[in-house]
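Survey of secondary and tertiary structure
Residue strings, one per chain:
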Amino acid sequence: MGARMPERHGSEPQVLIRGGTVIDAGGERRVDVAIADGRIRGVEDGLAVPAGATVLDAVGCIVAPGLVDLHTHLREPGQEEAETIETGTRAAALGGYTAVVAMPNTNPPLDSADAVRNVFELASTATAEVAVAGAITVGREGNHLAPMAELAALGVRLFTDDGAGVQSAGLMRRALEYGRGLGVTLAQHCEDGSLACDGAMHEGAWSSRLGLPGMPALAEEVMVARDIALARATGAPVHFLHLSTGPSIELVRQAKAMGLPVTAEAAPHHFSLTDACAAGYDPVFKVNPPLRPQADVDAVKVGLADGTIDAIATDHAPHAPEFKDLPFDLAPPGMLGLQTALGLAITELDLSLPRILALMSWQPAAIAGLDPAHGGGQGGPIEVGAEANLCVFDPTATWTVDPMALASRSRNSPYGGRTLTGHVRHTVFRGEPVVVDGEATR
Amino acid sequence: MSRFPHHLLAIDDLGSDGIGEVLRVADSFVEVGHRANPKVPALRGRTVATLFFEDSTRTRVSFETAAKRLSADVLSFAAGSSSVKKGESLRDTVETIEAMGIDAIIIRHPSSGAPVGVARWVTSSSVINAGDGWHEHPTQALLDLYTVRQALGGGDEGVHRFKSLQVVIVGDVRHSRVARSQVAAYAALGAEVTLVAPPTLLPPSIDGWPIVAVSHDLEKELPDADVVSLLRLQSERGSGEFVPSLREYTAGFGLTGRRAAMLKPETLILHPGPMVRGVEIASEVADLPAAHITGQVSNGVAVRMAVLFLMLGQGQLDGGPDA
């Protein structure tokens, strides 16, 4: 096939992604992708290089819709020593993400229009789209509903008190009923406080041996079961954040079989690490929900494979080094995730690339309301006229994680020294190459 | 004989050989303790620091006495008087102390695993765990073993007699660092350990624990026991969350006079202290000749001398107990 000029839309292509294999929800094909003015202008094999265009070599690489993270703690405002919107979205771009959903547990929390507007403003120069998950309750304290309609009017489509679950079933029911009227989705951090107490790790053989207070799997499962009942009663959609136990996943499987409007995500650390990692009391392995035993890790993998779990979400949770130097029970939970998620999925999961990309791009985009069906530009498809949010990665390249080399302001990656297969080469956000050859351009 | 470990964080660091060596060396130091001048120059010029983030009179005094009898210099840091209260992190505190030229840091901390973190941060000091959260209190278990071995006749024959010894550990195993060290220590010498407690005071899982049984019926376990080791029940555990009341706990799991009468005459009763008379042990039982509670305290100094000596004395007996 000879070289042909791409279809013209009034301006010359500024970026050409050449030689790669495109994978989106529509399938897989060998084509080049031309981009101008933030949009895809050509998708064809053998596109010519127009004068002045930036050529991104994609030979041997996959060209996919940018990844979408449903669960990112950007820490700004309030904990800028741990992360900022600038550093967090740079890490996102380096990880192949073109959109992240910022969790509301900032200081102040994202429970008011002013707080949400502030984040959008801070994110105006970010290297990835920053969507906001609003708080369900004022101050994430679980007592009074946050002004959900006011937040929804600003474009907030997901609500959660993440970091904590809404403990009151009665209040959660009201929130679901109210949110249904707004067309938004409530996302639950499933953790029953009366069962979790001040658990520092998964309650089981390792916590018993190490003498650390345990957080039982039950704390998650009880709230998953409760919220499935609430979804059934209210008809409102519920998204389950970071599911980590086999029985939780089985409950969601049954709920889906009953046709209930539930979706679920799982974090990379819950399919790649076990509670045995806590044996050396290194708080870099402390996370909430905690790392679980191998049987739960296996159940997460099955859930990702059979469609029970809809999305891989990082729960990227930066913490400044002095907090991870505390004793295990006193250290805050959380680990970095944005730059390692894709490599972990390719390395650890026995899934095809289209399946992994569904879990990391178009399915989370739909849950977050960022896909074209909701008027957004994330998650593909890769076609002429679409917003140019793309991730180009080499699925066979291997690299070794060095926490000191990550773009986050924090260093709390549990994967230091681990070799992963699958490395992001270029990321294009709204037409701009924000990562080229593995380096952030700004 | 393998090299004595650089740190003592948990009983498993020692293994049965290491435990045996501590007990043998402690024999010499018990003898030193009986001298008019109970002091040897073994660790002259060495400095040890006690770093206690939790109130403890007996353990700190026992370690400091042990170090002084070995002629080591002792620096004592208590969380209340150091800069820890000003917000200095544990890591900064440890690095500052080590910079003073310390050979060993003896740490007590309410967080399980804190000494493990300290051992990661230090560059050359030895770290000795003097009790961390619910995790371990290895020297307490060593002095229990020493006391039992003494009662069994002492010497290497005493160590041999731990094999198949029936040890019953009663009480709040779940929240007990002493219990975790005891289980590891007794098992390392071949004793058969049974844990006795209501299910709420047992660890959530005993997978991998080197024990032979778990029981919720103390009276059933007493007649065959060679050693009954009682654990303290902190009063907040008996306030309704773990057991309905201290009274109900005592009714089911207290070593009362009636229950003590079910023991074989030679059975030893141990308690790591501080004991709560009338809860886990009846006052008249604590005062029986079978109860080796004060013996445990005096052995504690000798056992801790042995640990410090083996750890810091580079295994040389010059200037040691035989000098």
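What you see is a predicted model; the values in this text were computed from it and never measured. (Residues numbered from 1 in each chain as written. Chains lettered and ligands numbered in written order. Predicted model: local features only at pLDDT ≥ 70, side-chain atom pairs only at ≥ 80, totals over all residues.)

**Concerning the overall build of chain B**
Of the regular secondary structure elements, chain B holds 12 helices and nine strands. Taking 20 Å as the expected radius of gyration for a compact globule of 323 residues, we find that chain B reaches 19 Å, a close match to that expectation. Taking the principal axes of its C-alpha atoms as reference, chain B extends roughly 55 × 45 × 35 Å. Within chain B, the proportion of its 323 residues that are buried is 49%. (Helix = DSSP H or I, 4+ residues; strand = E, 2+ residues; numbered from the N terminus. Rg over C-alpha atoms; globule rule 2.2 N^0.38 Å. Buried ≥ 20, exposed ≤ 12 C-beta atoms within 10 Å, placed from the backbone.)

**A few points about helix H10 (residues 294-306) of chain A**
Residue and element names in this part refer to chain A. Over its 13 residues, H10 runs 18 Å from end to end, which matches the ideal 18 Å to within 8%, given 1.5 Å per residue. Looking only at H10, the buried set comprises Asp296, Val297, Ala299, Val300, Gly303 and Leu304. Axial view of H10: buried residues confined to an arc of 160°, hence all on one face. Turned more than 90 degrees from where H10 packs its buried face, Gln294, Ala295 and Asp306 sit exposed. (Expected span 1.5 Å × (residues − 1). Arc of directions from axis to C-beta.)

**As for the nonpolar core**
If you look at the biggest cluster of nonpolar residues, it comprises 240 residues, and the most contacted ones within it are A:Val63, B:Val22, B:Ile105, B:Ile169, B:Ala306 and B:Leu308. Element by element, the count of residues in this core is highest for helix H12 (residues 293-312) of chain B, at 11 residues. If near-sequence neighbours (up to four positions away) are discounted, A:Val63 is found in contact with A:Ile17, A:Gly20, A:Thr21, A:Val22, A:Val33, A:Ala58, A:Ile382, A:Leu390 and A:Val392. (Core = buried A, V, L, I, M, F, W, Y, C linked by C-beta atoms within 7 Å. Contact = placed C-beta atoms within 7 Å.)

**Description of the sheet that holds strand E4 (residues 126-132) of chain B**
All names here are of chain B. One open sheet accounts for four strands, arranged E2-E1-E3-E4; its pairing is parallel. Strands at the two margins of the open sheet, each flanked by one partner only, are strand E2 (73-78) and E4. Within the sheet, the average angular offset between the axes of one strand and its neighbour, ignoring direction, is 15°. Running over the sheet, helix H2 (residues 57-69) touches strand E1 (47-52), E2, strand E3 (104-109) and E4 and is turned about 175° from E1. (Pairing = 2+ DSSP bridges. Axes fitted to C-alpha atoms, helices over the stretch in contact; angles between N-to-C directions.)

**Re the interface of chain B and chain A**
In this assembly, 21 residues from chain B lie in contact with 19 residues from chain A. Every element with two or more residues in the side of chain B that touches chain A is listed here: helix H3 (90-99), helix H4 (114-121) and helix H7 (177-188) of chain B. No other element matches the three residues that H4(B) contributes to the side of chain B that touches chain A. Looking at the side of chain B that touches chain A, its residues break down into seven nonpolar, 10 polar and four charged. (Nonpolar A, V, L, I, M, F, W, Y, C, P; charged D, E, K, R; others polar.)

**A short note on the sheet that holds strand E5 (residues 166-170) of chain B**
Residues and elements named next belong to chain B. As summarised here, the arrangement of the five strands in space is E7-E6-E5-E8-E9, forming an open sheet in which the pairing is parallel. At either margin of the open sheet sits one strand with a lone partner, and together these are strand E7 (213-215) and strand E9 (268-270). Averaged over all pairs of adjacent strands, the angle between their axes in this sheet comes to 20°, without regard to strand direction. Packing of H7 onto the sheet brings it into contact with E5, strand E6 (192-196) and strand E8 (227-230), and relative to E5 it is tilted by some 175°.

**Quick look at the pairing of strand E18 (residues 390-400) of chain A**
Residue and element names in this part refer to chain A. Examined bridge by bridge, strand E7 (residues 62-65) and E18 share four bridges and lie antiparallel to one another. Directly across from Ile62, in E18, lies its bridge partner Phe393. Pairing of E18 with strand E19 (residues 419-429) involves eight bridges; the strand directions are antiparallel. Bridging from a neighbouring strand, Thr398 pairs with Thr421 of E19.

**Re the environment of B:Leu9**
All names here are of chain B. Turning to its location among the elements, Leu9 is positioned in the segment before helix H1 (15-33). Sequence separation between Leu9 and Ala291 is 282 residues, and the spatial gap between their C-alpha atoms is 28 Å. In contact with Leu9, other than residues within four places in its own chain, are Pro115, Val116, Ala119, Val127 and Asn129.

**Notes on the packing of helix H5 (residues 138-151) of chain B against H7(B)**
All names here are of chain B. Running from amino to carboxyl end, H5 crosses H7 at an angle of 50°, the nearest separation of the two axes being 8 Å. Put simply, H5 runs oblique to H7. In this structure, H5 crosses over H7, and the sense of that crossing is right-handed. Residues Pro138, Gln140, Ala141, Leu142, Asp144 and Leu145 of H5 form the contact with H7, whose participating residues are Val178, Ser181, Gln182 and Ala185. Residue classes in the contact of H5 with H7 are distributed as six nonpolar, three polar and one charged. (Parallel < 35°, antiparallel > 145°, perpendicular 65-115°, else oblique. Left-handed = near helix turned anticlockwise from the far one by under 90°.)

**Section: the packing of H3(B) against H4(B)**
Residues and elements named next belong to chain B. Running from N to C, H3 and H4 point in directions that differ by 50°, and their axes come no closer than 10 Å. Here H3 is positioned oblique relative to H4, judged by the angle of their axes. Along this stretch, H3 crosses H4, giving a crossing that reads as right-handed. Every residue of H4 that contacts H3 at Leu90, Arg91, Val94 and Glu95 is listed here: Ala114, Val118 and Trp121. In terms of residue class, the contact of H3 with H4 is built from five nonpolar, no polar and two charged.

**Re the environment of A:His374**
Residues and elements named next belong to chain A. Its location among the elements puts His374 in the loop between helix H13 (353-368) and E18. Taking the C-beta count within 10 Å as the criterion, His374 has 14 such neighbours and is therefore assigned partly exposed. Distance in space between the C-alpha atoms of His374 and Val100 is 16 Å, their sequence separation being 274 residues.

**A short note on the confidence of the model for chain A**
Mean pLDDT over chain A works out to 96, with 97% of the residues at or above the 70 mark. Across residues 1-9 of chain A, confidence stays below pLDDT 50; counting only partners more than four residues off in sequence or on other chains, it has 22 contacts. (pLDDT = per-residue confidence, 0-100.)

**Some thoughts on unusual backbone geometry**
Following A:Glu76, the chain continues into A:Pro77 via a peptide bond in cis, with omega recorded as 5°. Its location among the elements puts A:Pro77 in the loop between strand E8 (67-72) and helix H1 (85-94). One non-glycine residue with positive phi stands out, namely A:Asp37, at about 50°. Considering the arrangement of structural elements, one finds A:Asp37 in the loop between strand E4 (32-36) and strand E5 (39-44). Its identity is not glycine, yet B:Ser164 carries a phi of approximately 70°, on the positive side. In this structure, B:Ser164 sits in the loop between helix H6 (155-160) and E5. Among the residues examined, B:Ser164 registers 10 C-beta atoms within 10 Å and is labelled exposed.

**Some words on helix H8 (residues 246-257) of chain A**
All names here are of chain A. In this model, H8 (12 residues) spans 17 Å end to end at C-alpha, consistent with the 16 Å of a helix rising 1.5 Å per residue. Burial in H8 covers these residues: Gly246, Ser248, Ile249, Leu251, Val252 and Ala255. Check the buried side of H8 and you find it contacts helix H7 (217-234), strand E15 (238-240), strand E16 (262-266) and H10. Directly after H8, the chain includes Gly259, whose backbone phi takes a positive value near 80°.

**Details of the pairing of E16(A)**
Residues and elements named next belong to chain A. Burial within E16 is extensive, with five of its five residues counted as buried. Where burial is concerned, the two faces of E16 agree: the one with Val262, Ala264 and Ala266 and the one with Thr263 and Glu265 are both buried. Here E15 pairs with E16 via three bridges, running parallel. The residue bridging Phe240 from the neighbouring strand is Ala264, located in E16. As a crossover connection, the stretch from E15 through H8 into E16 is right-handed. Across two bridges, the pairing between E16 and strand E17 (residues 311-312) is parallel. By the bridge assignment, Glu265 is partnered in E17 with Ala311. (Right-handed = clockwise from strand over helix to strand, strands pointing away.)

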